[in-house]
Amino acid sequence: MRMRMTLLALACGCCSLLSAQQSTYQSLFDKAMKYVSKDSLQQAESYFMKAMKLEPTNPHNALIFSNIGNIQIRAGERKKAIESYSMALNTMPDLAEAIRQRATLYMQENDYNKAYIDYSHLLDIDANDTTAMLYRAFISKTRRDYKQARNDYENLIRLAPGHLEGNLGLALLDQKEKRYRESMDIMNRLIERNPSNSVLYSARADIEVDMGNPDLALLDLESAIKWNGKNPDNYIARAQIYVAQKKKTFAKKDLDKAVTLGVPRPSLKELYDACK
């Protein structure tokens, strides 16, 4: 009887200890999140680490690693953030937010191969993830896998017909494959819907140059500059056309403007030489 009472007391004590430990884990997590909301990132990371040390096998540690990754991004520690998201995914391989954040970091690090794997994983989880489609299409285009890029762009547009970046990506892919008519059709529709978007005029001008229509390109670059006069690329693109047309004075004026907007003059040496 005494033995039975001892075992019962021991069992109750273990349950109480486990309950207290779980309560402490949750309280540490809650404190960390409170510090995150206050932008006190070092304190938040400290409490997350304490919670994981308390229960190293708790499956919710994946969420803690993911939150630590978010903190490290805000602190500008991209490589550490990648490691944290990877640790989260070791525990929860299909934690979509961690995959997405890691893919974004891989893109910023120009590690397109790893980003491609993560975006493909996201599409395995959710076949209608338009953001993953957009970035996988972009990576496929840089790999010259135009078939895969087109497939992703077309699927994206099927799901979101008005998606600006998706339509622009498809137009630029058509340009790459010299399907100029299709490319111009898309660009005309985009500009009709977004008449003050300078990027679209710049993109259409580039297509018009490829098609051998520099005068039309000049009109579009004028519109691009009208809507965004602080993008030096537009002045450089226009200077290149002026150089080809032997309008050296106009070309030099645009090059000088690009320099005032922050482009290093030595990087434009070849164009400046052509203006002499």
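A brief look at the structure comes next. The structure displayed is predicted, hence computed values, not measured ones.

Calculation rules
- Think of each chain on its own: its residues are numbered from 1, step by step along the sequence as written.
- Side-chain atom pairs in this predicted model are given and counted only at pLDDT of 80 or more, local residue features only at pLDDT of at least 70, and totals for whole chains, interfaces and linings cover all residues.
- Side-chain numbers come from the whole structure's heavy atoms, not from hydrogens or water.
- A fitted line through C-alpha atoms represents every axis, and for helices the fit uses only the stretch in contact; the resulting angles, taken between N-to-C directions, go from 0 to 180 degrees.
- A run of H or I in DSSP becomes a helix once it reaches four residues, and a run of E becomes a strand once it reaches two; helices and strands are each numbered from the N terminus.
- If an angle is under 35 degrees, it is roughly parallel; if it is over 145, roughly antiparallel; if it lies from 65 to 115, roughly perpendicular; otherwise it is oblique.
- Helix crossings are classified by the rotation of the near helix relative to the far one: an anticlockwise turn of less than a right angle makes the crossing left-handed, while a clockwise turn makes it right-handed.
- Working rule for contacts: check all heavy atoms of both residues, and any pair within 4.5 Å makes them a contact.
- Only protein chains enter the accessibility calculation, which uses a 1.4 Å probe; a residue is then buried when its area is under 20% of its type maximum, exposed when over 50%, and partly exposed in between.
- Polar contact is the term for a pair of N or O atoms within 3.5 Å; when the atoms are in protein, one must be able to donate a hydrogen and the other to accept it, and sequence-neighboring residues count only if both atoms are side-chain atoms.
- Only Phe, Tyr and Trp rings are paired, with Trp represented by its six-membered ring, and only when their centres lie within 6.5 Å; those with planes under 30 degrees apart are stacked, over 60 edge-to-face, the remainder tilted.
- Two thresholds decide whether a charge sits over a ring: the Lys NZ or Arg CZ must be within 6 Å of the ring centre and within 35 degrees of the ring normal.
- Within this scheme, the nonpolar core is defined by two criteria: the residues are buried Ala, Val, Leu, Ile, Met, Phe, Trp, Tyr or Cys, and they are joined through side-chain atoms within 4.5 Å.
- A helix is expected to span 1.5 Å for every residue after the first.
- Within this document, salt bridges are pairs made up of a side-chain nitrogen of Lys or Arg and a carboxyl oxygen of Asp or Glu, the two lying within 4 Å of each other.

What follows covers the packing of helix α9 (residues 164-176) against helix α11 (residues 198-210). For the pair α9 and α11, the least separation of the axes is 11 Å and the interaxial angle reads 10°. Here α9 lies roughly parallel to α11, going by the angle between them. Our pair here, α9 against α11, has a crossing hand that is left-handed. In this structure, α9 uses Leu 164, Leu 168, Leu 172 and Gln 175 to contact α11, whose residues at the interface are Val 199, Leu 200, Ala 203, Asp 206, Ile 207 and Asp 210.

Here we come to the side chain of Ser 202. Along the chain, Ser 202 turns up in helix α11. Ser 202 gets classed as buried once you look at its relative accessible area, which sits at 18%. Within the local environment of Ser 202, its side chain forms a polar contact with the side chain of Asn 234, the two groups lying 2.5 Å apart. The residues contacting Ser 202, other than those within four sequence positions of it, are Ala 224 and Asn 234.

Another point: the packing of aromatic side chains. Within this structure, the stated rule accounts for three aromatic pairs. Ring geometry for Tyr 112 versus Phe 138: centroids 5.9 Å apart, planes at 80°, classification edge-to-face. Here the residue Tyr 112 occupies a position in helix α6 (residues 112-125), and Phe 138 occupies one in helix α7 (residues 130-142), the gap between them amounting to 26 residues. What makes Tyr 112 partly exposed here is its relative accessible area of 25%. Exposure remark for Phe 138: the relative accessible area of 33% places this residue in the partly exposed category. Considering the side-chain rings of Tyr 242 and Phe 250, the 5.5 Å spacing of their centres and the 40° angle between planes classify their relative orientation as tilted. One cation-aromatic arrangement involves Arg 143 over Tyr 116; the distance from NZ or CZ to the ring centre is 4.1 Å. The ring of Tyr 272 is capped by Arg 265, whose NZ or CZ atom sits 3.9 Å from the centre of that ring.

Turning to the side chain of Arg 238, a few remarks are in order. Of note, Arg 238 is situated in helix α13 (residues 232-244). Sequence-distant contacts of Arg 238, defined by excluding residues within four places in its chain, comprise Leu 218, Leu 221, Glu 222, Ile 225 and Asp 254.

Of note, Arg 144 is a non-glycine position whose phi angle comes to about 65°, a positive value. Its place among the elements puts Arg 144 in the loop between α7 and α8 (146-159). On the accessibility criterion, Arg 144 (64% relative accessible area) is exposed.

On to the nonpolar core. Core analysis: the biggest nonpolar cluster contains 44 residues, and Tyr 119, Tyr 153 and Met 187 have the highest contact counts within it. Aside from chain neighbours lying at most four places away, what touches Met 187 is Leu 168, Ala 171, Leu 200, Ala 203, Arg 204 and Ile 207. In this structure, Leu 221, Tyr 235, Val 263 and Leu 271 belong to the second largest nonpolar core, which totals 19 residues.

Attention shifts here to α6. With 14 residues, α6 extends 20 Å between its outermost C-alpha atoms, agreeing within 8% with the 20 Å of an ideal straight helix rising 1.5 Å per residue. Taken as a whole, α6 has its buried residues at Ala 115, Tyr 116, Asp 118, Tyr 119, Ser 120, Leu 122 and Leu 123. Of the surrounding elements, those touching the buried residues of α6 are α5 (96-108), α7 and α8.

Pairing between side chains of opposite charge can happen when their charged atoms approach one another. Counted according to the given criterion, the structure contains 19 salt bridges. Of the charged contacts, one joins Glu 208 and Arg 204 as a salt bridge, the two residues approaching to 3.8 Å between their closest N and O atoms. Of this pair, Glu 208 and Arg 204 both sit in helix α11, separated by four residues, roughly a single helical turn. As far as the burial class goes, Glu 208 and Arg 204 line up, both buried. Residues Asp 254 and Arg 238 are paired through a salt bridge, measuring 2.6 Å at the closest nitrogen-oxygen approach. Of this pair, Asp 254 sits in helix α14 (residues 248-260) while Arg 238 sits in helix α13, and the two are 16 residues apart along the sequence. With respect to class, Asp 254 is no different from Arg 238; both count as buried. Beyond isolated ion pairs, a larger network of salt bridges with shared partners links Arg 150, Glu 154, Asp 174, Glu 177 and Arg 179.

On their own, these measurements won't tell you what the molecule is for.
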